[in-house]
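Working through the structure, step by step
As a plain string of letters, each chain reads:
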Amino acid sequence: MATATQDTRDRVIRMEGKVEELERKIDRLDTKVSEMQHLLTQAKGARWMLIFWVGFGGFMRQI
């Protein structure tokens with residue numbers, strides 16, 4: 001028969017395992033979010049560059 005102390009110890013050990021798994025998941029999510037933010041930042045720069053070149057092309061065509 002397990003004592004209250006042993007039962008508490010077992011629950012703490014199981015909880016520590018769950019916390020470690022959650023930490024790994026959070027680390028993976030952080031990596032994914034950072035990659036997506038980097039891609040969106042690049043896309044924003046590309047969009048402004050495209051707008052610039054279209055405007056510049058239109059200006060040069062009128063000259």
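That block above? That's the structure.
Please read these numbers as outputs of a predicted model, since none were measured by experiment.

Cut-offs applied
- Residues numbered from 1 in each chain as written.
- Predicted model: local features only at pLDDT ≥ 70, side-chain atom pairs only at ≥ 80, totals over all residues.
- Heavy atoms only, no water.
- Patch = residues over 30% accessible without salt bridge, like charges linked within 9 Å, V, L, I, M, F, W, Y side chains within 5 Å.
- Areas by Shrake-Rupley, 256 points an atom, 1.4 Å probe, with all protein chains shown as cover.
- Salt bridge = Lys/Arg side-chain N within 4 Å of Asp/Glu carboxyl O.
- Helix = DSSP H or I, 4+ residues; strand = E, 2+ residues; numbered from the N terminus.
- Lys, Arg positive; Asp, Glu negative; His and termini not counted.
- Charge placed at Lys NZ, Arg CZ, Asp CG, Glu CD.
- Buried < 20%, exposed > 50% of the residue type's maximum accessible area, 1.4 Å probe, protein only.
- Phe/Tyr/Trp six-rings, centres within 6.5 Å; stacked < 30°, edge-to-face > 60°.

Moving on, we come to a nonpolar patch on the surface. A cluster of nonpolar side chains, Met49, Phe52, Trp53, Phe56, Phe59, Met60 and Ile63, forms an exposed patch at the surface whose accessible area comes to about 790 Å². With respect to the helices and strands, the residue Phe59 is situated in helix H1 (residues 4–62).

You can see Thr31 is positioned in helix H1. Sequence spacing of Thr31 and Arg14 is 17 residues, and the spatial spacing of their C-alpha atoms is 26 Å.

The next point concerns a negative patch on the surface. On the surface, Glu16, Glu20, Glu23, Asp27 and Asp30 cluster together into a negatively charged patch. Following the sequence through the fold, Glu20 ends up in helix H1. For Glu20, a relative accessible area of 44% puts it in the partly exposed group.

For the rest of this paragraph, the subject is the pattern of salt bridges. On inspection of all chains with the given rule, the structure shows 2 salt bridges. Ionic pairing is found between Glu21 and Arg24, a salt bridge with its closest N-O pair at 2.7 Å. Highlighted residues: Glu21 and Arg24, both in helix H1, separated by 3 residues, approximately one helical turn. Residue Glu21 is classed as partly exposed on the basis of its relative accessible area of 30%. Exposure remark for Arg24: the relative accessible area of 42% places this residue in the partly exposed category.

Using the criterion set out here, one finds 3 aromatic pairs in the structure. Centroid distance Trp53 to Phe56: 5.7 Å. Interplanar angle 85 degrees. Geometry classified as edge-to-face. With Trp53 and Phe56 both in helix H1 and 3 residues apart, this pair spans about one turn of that helix. Trp53 gets classed as partly exposed once you look at its relative accessible area, which sits at 49%. For Phe56, a relative accessible area of 37% corresponds to the partly exposed category. By the ring-pair criterion, three or more aromatic residues cluster together here, those being Phe52, Trp53 and Phe56.

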